[in-house]
Amino acid sequence: MIYRGSATLFNPNLLAFWASLVYLGCAYCRYAYKQHQKIFLLGMILASAAIYMSGSRSASYLLFLVLFIPILLMRNRLNLLALIVFPLTILTIYSWARWVVTFFTTSRLGWNEVVLLGERFRSAPLYLINYILKFLGYSEYSFSVINVPGEVGFSMTDVPPEISISIEGRFAGLGSDSGWLTLYQDVGLIGFSAVILACCFLVVWGIRAYIADRSFSSVYALSILFYCLLTGLVMRFQIFPVWLFIGIFFIPCFVYWQRTTFVVRE
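These numbers come from a predicted model, not from an experiment.

A. Highlighting helix H8 (residues 179–212). The terminal C-alpha atoms of H8 lie 32 Å apart, and with 34 residues this falls more than 12% below the ideal 50 Å at 1.5 Å per residue. At glycine 188, H8 shows its strongest bend, of approximately 125°. Residues of H8 that are buried: Gly179, Trp180, Thr182, Leu183, Phe192, Cys199, Leu202, Val203, Trp205, Gly206, Ala209 and Tyr210.

See the structure below:
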């Protein structure tokens, strides 16, 4: 039994998705509004804590992957803070709940649940690798994964059933968690191709804006776009309020891209 935070969204993955977008927004605003850097830094920390409490592995690793985009595209102004704050907050919460809290209290009531959330993040990459090795028929090369349910540790080289269900549920069957697969099942190849074409147009539009204006605005607009597109692999963007969250963050991106490309044409 793992307790995961969902706030008022009634779904932990939705909370993590929203918190990830907020994190990207705060990371950008920290550069755009330098007089309020501390406030937006606090927003990044709180968003990271929300992702931790949600226990959403897919959202966390997608966000960590997307955070490399500003580093790769803004080499002349390399800033690792946005990339560091997120994993550092996750590690701090896990370390505090796992080790530090024992110095202040003898009761671990409630803290073990917080530790288990951290174990989800720590073991997810190895479980994914083990699943791929098992799928390819190389189970003998599986990695040993150490979990800490409560205070009892155990070693496991196989993939637990709940992990297999979590992975396969995103890429197989009707009503899967993958937004792109669900889209294909709903509208067929022609409709799916039309949406893919529209997404390619957005990517090209964003890249053109970056070429015209190599600023933090263009970089983080691309980062938000790629995060939303990649989220479609692990979450259905057709459900409410996922599409609403995407729309909220796409609106300023569209306005910026339109202004930037309009200036170039003029």
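B. Local environment of the packing of H8 against helix H9 (residues 216–231). Orientation of H8 relative to H9, taken along the N-to-C sense of each, is 170°, at an axis distance of 11 Å. Regarding the angle of H8 to H9, the classification is roughly antiparallel. The segment H8 lies against H9, with Trp180, Cys199, Leu202, Val203, Gly206, Ile207, Ala209 and Tyr210 engaging Ser218, Val219, Leu222, Leu225, Phe226 and Leu229. For the contact of H8 with H9, the per-class residue count stands at 12 nonpolar, two polar and no charged.

C. Focus on unusual backbone geometry. The step from phenylalanine 240 to proline 241 runs through a cis peptide bond, and the omega angle for that step is 5°. Residue position: proline 241 is located in the loop between H9 and helix H10 (242–265). Unusually for a residue other than glycine, phenylalanine 10 sits at a positive phi of about 65°. Mapped onto the elements, phenylalanine 10 comes out in the segment before helix H1 (12–32). Judged by its relative accessible area of 76%, phenylalanine 10 falls in the exposed class.

D. How the structure looks around empty space enclosed by the protein. Inspection of every chain in the model, using the stated rule, returns two cavities of 30 Å³ or more. Lining the second largest cavity, in full, are Asn13, Phe17, Ser56, Ser58, Ala59, Leu62, Tyr227, Thr231, Val234 and Met235. Broken down by secondary-structure element, the contributors of at least two residues to the lining of the second largest cavity are H1, helix H3 (57–66) and H9. Looking at which element gives the most residues to the lining of the second largest cavity, the answer is H3, with three residues. For the lining of the second largest cavity, the class distribution of residues is six nonpolar, four polar and no charged.

Conventions and cut-offs
- Residues numbered from 1 in each chain as written.
- Predicted model: local features only at pLDDT ≥ 70, side-chain atom pairs only at ≥ 80, totals over all residues.
- Heavy atoms only, no water.
- Helix = DSSP H or I, 4+ residues; strand = E, 2+ residues; numbered from the N terminus.
- Expected span 1.5 Å × (residues − 1).
- Bend = angle between axes of the 7 residues up to and from the residue.
- Buried < 20%, exposed > 50% of the residue type's maximum accessible area, 1.4 Å probe, protein only.
- Axes fitted to C-alpha atoms, helices over the stretch in contact; angles between N-to-C directions.
- Parallel < 35°, antiparallel > 145°, perpendicular 65-115°, else oblique.
- Contact = heavy atoms within 4.5 Å.
- Nonpolar A, V, L, I, M, F, W, Y, C, P; charged D, E, K, R; others polar.
- 1 Å grid on protein atoms, 1.4 Å probe; cavity = no way out; pocket = protein on both sides within 12 Å on 5 of 7 lines; lining within 4 Å.
- Points joined across faces, edges and corners; volume = space filled by probe spheres on them.

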